[in-house]
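# What the coordinates show
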Amino acid sequence: MDDENRLIAQRKQKIQAIRDAGLNPYANDFEVRLEDMQAVDGLDPEALGGEADVGDDAPEYRIGGRVMSLAKFGKAAFALVRHLGHEVQIYLKRDLLGDETFKAFKKIERGDFVAAVGHAFVTRQGKVAVRAQEFRILTMAVRSLPEKWHGLKDPELRYRQRYVDLVTTPGVADVFRTRARVVSHLRRYLDERHFVEVETPMLHTVVGGAAAKPFLSHHNALDLDIKLRIAPELYLKRLVVGGLDRVYEIGRCFRNEGLSRMHNPEFTMLEFYMGYANYETLMALTEDLISELVTELKGEPKLTYQDQPVDFTTPWPRLTVAEAAHAGLTLAAGELGFTAPAEAELDTEEGLWAYVDREKLTDKDEGFAEVWKSTKGWGEQLAALFEFFGEERLPADRPVFVVDYPSAVSPLSRRKDENPELVDRFELFVCGREIANAFSELNDPEDQRQRFKAQLEAKQRGNDETMDYDEDYCRALEVGMPPTAGEGIGIDRLTMLLCDQASIRDVILFPLLRPEGGTAPKTAGKDKEA
RNA sequence: GGGCCCAUAGCUCAGGCUGGUAGAGCACCGGACUUUUAAUCCGUUGGCCGAAGGUUCAAAUCCUUCUGGGCUCACCA
């Protein structure tokens, strides 16, 4: 692709002209002081004199950055430079800089990097500027930035050239700064509570910890088929067996599934496990952790997501899966024209079947019809009803804990003491989106073996998103895992919420896109070199 | 994978219905200007109209296919 155009050629000529003048267009011998940038950025124009009032004893600032806007006159100019979020204005005068330097400056465009040394004063427009006693070109850009007024609007260009997007599009850099604050808040919160941060393998030979399709790869030296991890869960629990009673990992997981506003094939998850705790412990911890995080970022335990105000004041409402399915169906009944389920009608497999059959629910929702066909037993069926009719109709103005999931859809969770058809598990929903998933861990190895077997059977029925039978994990449970609860929190979705972003692509620096320029070279599963 | 929409100058967009050889603003280039905030004024330059086929005397425009993207549905417990 030949994108060498006239503009680029002109820029290269300018760079050569700077070289010809004995200057370095890629200099790296000037100290830009961040503290000076901060100081100038923080100056009060009211307390500062005009240019004529600046005395020689005034503080001298060494500032610099990328030129974000330029106003050139015949023999003077203003350049607004940006460095680490600070924007400082430089005032350049030919009288002060001399002909040579001012001539060099005239080659500068928006997007270049420059630096200056000088005193601060207040302009006639009432803004602070540093009058350059000394001026330096630091780096010249070959490509110019997008138009300053409209910026980069094309979403494809924004994601493909994130380096341009970050410079140009207001708020983008802030999203990623906030994301970093979210992650460090989570780390600090867990560290303070004696959790140990660990790193477990991303190259797995056995798929587990979630229900999802993995990416496949191959290790040559061992001639071993491997899968990128879909979740770190089973390794983290092995560590609890080993005595790291409080562990966590923040890391990338990979799921070979579709892309959407809520899904990127690689995403970041926090998973933590807490020995001698149960899912009630984690509900309290989650309320505390997230409401504290929202308060830290927003100043109060409240935020607005896509025009929906959400109040994180604790305690948060709780609904059982059955209640949420019932409530959702009742609302859906009004919207879609069928009759709401009767009291307790969803409590048995027979009742459920009769209801779905009577109201012809499979005609109301194509996706539901598809899933309903492959479900077996009360638990899977209730979960399907909740997922298709309940989830999106959960209350939106508050975070909601959905509890008491069926054991049939929770192969790693501990059964409830009072009802073995249910497990000690919750999911946290905010604005109808799943943010966290947690449960008391199943630590009975015999039960775990049964659950893995049930997964294999589901796979035989055509469910391609099941877990493998992990024999070593069962062996670890036989060595003994203390009573434990664990939780996973999607960092990307949490960041979306806190930054009011509608698409996961806007909280991931480089979301997956098809390669530029059409067809990418297809490589076989095996690595040809090596 | 299905449906809808988009692709024109470096960037942001007109033009398209109704076919007649390509427009604007900003940026860039040249000139004027020693306090700008989207500086101003004057003068230029810049395009395989995403790609390939087709219809036509003639295609940015109509048709088909392809490529890339967006939204949405499905999939994602």
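Analysis parameters
Residues numbered from 1 in each chain as written. Chains lettered and ligands numbered in written order. Predicted model: local features only at pLDDT ≥ 70, side-chain atom pairs only at ≥ 80, totals over all residues. Heavy atoms only, no water. Pairing = 2+ DSSP bridges. Helix = DSSP H or I, 4+ residues; strand = E, 2+ residues; numbered from the N terminus. Buried < 20%, exposed > 50% of the residue type's maximum accessible area, 1.4 Å probe, protein only. Core = buried A, V, L, I, M, F, W, Y, C linked by side-chain atoms within 4.5 Å. Contact = heavy atoms within 4.5 Å. 1 Å grid on protein atoms, 1.4 Å probe; cavity = no way out; pocket = protein on both sides within 12 Å on 5 of 7 lines; lining within 4 Å. Points joined across faces, edges and corners; volume = space filled by probe spheres on them. Near = heavy atom within 4 Å. Polar contact = N/O pair within 3.5 Å; in protein donor to acceptor, adjacent residues only side chain to side chain. Salt bridge = Lys/Arg side-chain N within 4 Å of Asp/Glu carboxyl O. Phe/Tyr/Trp six-rings, centres within 6.5 Å; stacked < 30°, edge-to-face > 60°. Lys NZ or Arg CZ within 6 Å of the ring centre and 35° of its normal. Axes fitted to C-alpha atoms, helices over the stretch in contact; angles between N-to-C directions.

## Examining the pairing of strand S2 (residues 76-83)
For a regular strand, side-chain orientation follows a simple rule: the groups alternate between the two sheet faces. As paired elements, strand S1 (residues 61-72) and S2 share six bridges and run antiparallel to each other. Note that in S2 the partner of lysine 72 across the bridge is alanine 77. In this structure, the hairpin formed by S1 and S2 is closed by a connection of three residues. Strand direction decides the pairing type here: S2 and strand S3 (residues 86-93), joined by eight bridges, are antiparallel. Looking at the pairing, alanine 76 lines up with lysine 93 of S3.

## Overview of the pairing of strand S4 (residues 113-122)
Most of S4 sits out of view: nine of its ten residues are buried. Two strands pair when backbone bridges link them, and S1 and S4 are joined in this way by six bridges, in the antiparallel orientation. Pairing of isoleucine 63 across the sheet is with alanine 116, part of S4. Taken together, the ten bridges between S4 and strand S5 (residues 128-139) define a ladder with antiparallel strand orientation.

## Overview of the nonpolar core
If you look at the biggest cluster of nonpolar residues, it comprises 49 residues, and the most contacted ones within it are Leu270, Phe272, Phe312 and Leu494. Other than its neighbours up to four places away in sequence, phenylalanine 272 contacts Leu190, Phe195, Val247, Tyr248, Leu282, Leu285, Ala485, Gly486, Glu487 and Ile489.

## Details of empty space enclosed by the protein
One pass over the full model with this rule turns up one cavity of 30 Å³ or more. The space that makes up the largest cavity amounts to roughly 30 Å³. Together, Met262, Tyr305, Arg433, Ile435, Arg493, Met496 and Leu497 line the largest cavity. Listing elements by their share of the lining of the largest cavity, those giving two or more residues are strand S17 (433-440) and helix H16 (491-499).

## Focus on the protein's contact with RNA strand B
Taken together, 52 residues surround RNA strand B, and among them Gln10, Asp95, Gln125, Lys148 and His263 come closest. Looking at RNA strand B alone, sugar and phosphate atoms form 60% of those within 4 Å of the protein. Interatomic distance of 2.2 Å between a side-chain N/O atom of lysine 148 and a phosphate oxygen of RNA strand B. With respect to RNA strand B, the side chain of arginine 505 contributes an N or O atom lying 3.2 Å from a phosphate oxygen.

## So, the environment of tyrosine 355
With respect to the secondary-structure elements, tyrosine 355 resides in helix H11 (residues 349-358). Of the residues examined, tyrosine 355 reaches a relative accessible area of 0% and is grouped as buried. Between the C-alpha atoms of tyrosine 355 and alanine 340, which are 15 residues apart in sequence, the distance is 9.1 Å. Those residues in contact with tyrosine 355, other than ones at most four positions away along the chain, are Leu329, Phe338, Thr339, Ala340, Pro341, Glu345, Leu346 and Leu361.

## Remarks on the pattern of salt bridges
Scanning the model with the defined rule gives 43 salt bridges in all. Residue glutamate 249 is joined to arginine 229 by a salt bridge in which the shortest nitrogen-to-oxygen separation is 2.9 Å. Of this pair, glutamate 249 sits in strand S10 (residues 246-254) while arginine 229 sits in the loop between strand S9 (224-228) and helix H8 (233-241), and the two are 20 residues apart along the sequence. Here glutamate 249 falls in the buried class, since its relative accessible area comes to 3%. The class for arginine 229 is buried, based on a relative accessible area of 1%.

## Observations regarding the packing of aromatic side chains
Tallied over the full model, the rule gives 17 aromatic pairs. Each ring, one from phenylalanine 452 and one from tyrosine 473, has its centre 6.3 Å from the other, and the planes form 75°; the classification is edge-to-face. Of the two residues, phenylalanine 452 is situated in helix H14 (residues 445-460) and tyrosine 473 in helix H15 (residues 471-479); the sequence distance between them amounts to 21 residues. You can call phenylalanine 452 buried: its relative accessible area is 0%. An aromatic cluster is present here, built from Phe338, Trp353, Phe368, Trp372, Phe388 and Phe389 joined pairwise through their rings. Over the ring of tyrosine 189 we find arginine 193, and its NZ or CZ is 3.5 Å from the ring centre. Note that arginine 425 overlies the ring of tyrosine 405, its terminal NZ or CZ placed 4.3 Å from the centroid.

## What to know about the sheet that holds S4
The sheet built from five strands closes into a barrel, its strands ordered S1-S2-S3-S5-S4 with mixed pairing. Each adjacent strand pair in this sheet contributes to an overall mean axis angle of 55°, direction not counted.

## So, unusual backbone geometry
Cis rather than trans, the peptide bond between threonine 314 and proline 315 has omega equal to -5°. Relative to the assigned elements, proline 315 resides in the loop between strand S13 (308-311) and strand S14 (318-320). Unlike most non-glycine residues, lysine 360 shows phi in positive territory, near 50°. Structurally, the position occupied by lysine 360 is in the loop between H11 and helix H12 (366-374).

## Quick notes on the sheet that holds strand S11 (residues 266-275)
Spatially, the eight strands line up as an open sheet ordered S6-S10-S11-S18-S17-S16-S15-S14, and their pairing is mixed. Looking at which strands have only one partner, the edges of the open sheet turn out to be strand S6 (196-197) and S14. As defined by bridge partners, S11 adjoins strand S18 (residues 484-490) across seven bridges and the pair is classed as antiparallel. Residue pairing in the sheet places methionine 269 in a bridge with glycine 490 of S18. Packing of helix H10 (residues 321-336) onto the sheet brings it into contact with S14 and strand S15 (400-403), and relative to S14 it is tilted by some 85°.

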